[in-house]
Amino acid sequence: MAQLLIVDDEAHVVDRFAATIDWAGHGVEQVYKAYSGPEALELLEQFSIEIVITDIKMPGMTGLELIAEIRSRWPRTKCVLLSGYSDFNYAKEAILYQTEDYLLKPVKEEDLLATVKRALDKLRSEWEEVISLQRLNYTLKENLPLLRANLLHELLQGRRWSESVLLGKMKTLGLPEFEGSTFDLMMIRLEEPFTERDPQDRYWIEYAIGNMAEELFGGRYAIWHTKDAHDYLVFVMAPKQGDGGRAEGAEEPLWFERTAASLQSAVSTYLRGRISILVGSRGSFPLEVPDLYNRSIAAFRRRIGSERELFTRLEDDPPPKEVRSLQSLYEPPTLVHLLEAARWDEIEEKLQAIFGAMDSEGSAAQEHVLEVYFTIASAYAYIAHKNGRALSALIGDDFDRMAEGEPFRSAGALKEWTLRALGRIRGDMEQEAKDTRTSLIRWIQTFVEEHMDRDVSLQTIADHVNRHPVYVSKIYKLETGENLSDYVNRVRMEKAEYLLKNTPDKIYEIAERVGYLRPHSFNHAFKKAFGMTPQEYRERHT
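Enquirer: Would you mind going over the overall build of the protein in detail, with residue names and values included?
Expert: Broken down by element type, the protein carries 24 helices and 11 strands. Over its C-alpha atoms the protein spans a radius of gyration of 33 Å, topping by over 25% the 24 Å that the globule rule assigns to 542 residues. In terms of principal-axis extent, the alpha carbons of the protein reach across some 100 × 65 × 45 Å. Among the 542 residues that make up the protein, the fraction classed as buried is 43%. Here the analysis covers contacts within the protein between residues at least 6 apart in sequence; of these, 67% occur between residues at least 24 apart. Total accessible area on the protein stands at roughly 28500 Å², and carbon and sulfur atoms take up 50% of it. Placing the 68 positive and 88 negative side-chain charges of the protein at their respective mean positions leaves the two points 1 Å apart.

Enquirer: Kindly report on helix 3 (residues 63-73), identifying the contributing residues and their values.
Expert: Those residues of helix 3 that sit buried are Gly 63, Leu 64, Leu 66, Ile 67 and Ile 70. Along the long axis of helix 3, the arc covered by the buried residues comes to 155°, so they all point the same way.

Enquirer: Describe a nonpolar patch on the surface, naming the residues involved and giving the relevant values.
Expert: Nonpolar side chains collect at one region of the surface, where Tyr 203, Trp 204 and Tyr 207 lie side by side and expose about 370 Å² of accessible area between them. By the element assignment, Tyr 207 lies in helix 9 (residues 199-217).

Enquirer: Help me get a handle on the packing of aromatic side chains, residues and values and all.
Expert: Under the definition given, this model contains 22 aromatic pairs. Taken together, a centroid distance of 5.3 Å and an interplanar angle of 70° make the contact between Tyr 221 and Phe 256 edge-to-face. In this pair, Tyr 221 sits in strand 7 (residues 221-227) while Phe 256 sits in helix 10 (residues 253-271), placing the two residues 35 residues apart along the sequence. No difference in accessibility class separates Tyr 221 from Phe 256, as the two residues are buried. An aromatic cluster of at least three residues, connected via ring pairs, comprises Tyr 516, Phe 522, Phe 526, Phe 530 and Tyr 537. The ring centre of Trp 127 lies 4.6 Å from the NZ or CZ of Arg 76, which sits over that ring. Just above the ring of Tyr 516 sits the side chain of Arg 492; from NZ or CZ to the centre is 5.3 Å.

Enquirer: How would you explain the environment of Ser 328 if you had to name every residue and give the values?
Expert: Among the secondary structure elements, Ser 328 is positioned in helix 12 (residues 327-330). Through-space distance from the C-alpha of Ser 328 to that of Ala 357 is 7.3 Å; in sequence the pair is 29 residues apart. Ignoring sequence-local partners within four residues, the contact set of Ser 328 consists of Lys 350, Ala 353, Ile 354 and Ala 357.

Rules and cut-offs
Residues numbered from 1 in each chain as written. Predicted model: local features only at pLDDT ≥ 70, side-chain atom pairs only at ≥ 80, totals over all residues. Heavy atoms only, no water. Helix = DSSP H or I, 4+ residues; strand = E, 2+ residues; numbered from the N terminus. Rg over C-alpha atoms; globule rule 2.2 N^0.38 Å. Buried < 20%, exposed > 50% of the residue type's maximum accessible area, 1.4 Å probe, protein only. Contact = heavy atoms within 4.5 Å. Areas by Shrake-Rupley, 256 points an atom, 1.4 Å probe, with all protein chains shown as cover. Lys, Arg positive; Asp, Glu negative; His and termini not counted. Charge placed at Lys NZ, Arg CZ, Asp CG, Glu CD. Arc of directions from axis to C-beta. Patch = residues over 30% accessible without salt bridge, like charges linked within 9 Å, V, L, I, M, F, W, Y side chains within 5 Å. Salt bridge = Lys/Arg side-chain N within 4 Å of Asp/Glu carboxyl O. Phe/Tyr/Trp six-rings, centres within 6.5 Å; stacked < 30°, edge-to-face > 60°. Lys NZ or Arg CZ within 6 Å of the ring centre and 35° of its normal.

Right, dumping it as structure tokens:
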């Protein structure tokens, strides 16, 4: 649905067009009003308006000057000129400013709607071109390195997709060599003097190291790399298939290590800086990517630590200890992030995955019960406090166990507590959102009813309730099913109907009391709503 702006120094023209045309039925969600060029520009700076209908002759800034400014700042906005002058010179100038149409006053409603429809069709066609396959392919190519790096980063963190979804992502990014492949992992930490450089210099150094790795390994390996949260460069490399179908690097782990050592030496010689390198063991893609990555991080911490310019391999590290963290507990998106976004279905799926992993751990179950409990309790407390609420008020009796420090003795008891507390948090957050919206709707409606004889434009209403106009418009429609502008018009007509029936006020006085500057605009709007003029309605009902 589009947004439209009507601009004319004759207020009755603006009011009549805004109030009497069924814009929603013709693809326009919101209609804004302005009575001068500067006022129109203020609205355009706040809202993403797609169509502007403007008079050509206005004091101060003319319609042509307004359109020139629009063309300069918002080139996708479509402009339509209105004029009471049939001078062809205006039409020629309008063409130069690339207006969509030039309509002579008085404008018929059907002609104006036809012009708006053509403008909307043109907008739709332009956006279809923007999202066309050719444009998408060009954009994808331009951003390919970043998109590849982001996907690998998510894999390293344990993000899981179905096989078909991951395969589709990789094919889109030109990474088919990794499908069902083994892989080798290499991690690089930049050290002095690289760490002392500014961010831009470091970016180019990382880019250069990636190119050097491509030069050294590219003949035998398909290379995919990213920078992780620890600022390590992480390379995942899949052996290429030789002419005989055998992976060229499959039987040569020593070659891989020698080449990695050559990379370290080349960086020192040609980039004049130090790096430490860890070479990981071979794994199966994508299943073993996060596990091998996490083991490599731990090995880097234990075997290299704060030393500089070292080289090691994962096999040098002792085997992992018997008790290990539950990876599903820390895989992105984390529980905290899901709670912040109120993605309730995904939260339940994550919790089910966590408790499923606990069931498979056997002897370490009690250790994991505590690990999971502290993580979940921390997440619940975080989201409650971030919303300005006490967790005890949200989960009631379930908070007592936390406060008393009484541990759960089984995964089943912890799971029951977790889901029950989650249900209470969810119910409170959803009720709070509903109450907030309900209060906002009442606030808006009260303001409209009490200020009917004054300005009740969307901007004025939004200023009164301290919200952005777009938010006000969207929330009102979401909660009531009615456009805010339609509500304002309906309330005006209901009040006008009452005044016509129950007071001796003159028609022009009633027009002023319901917010119309000119009786002509009021008559037009009333007839649109009731099928007769205000005078005819009064005669029929009194």
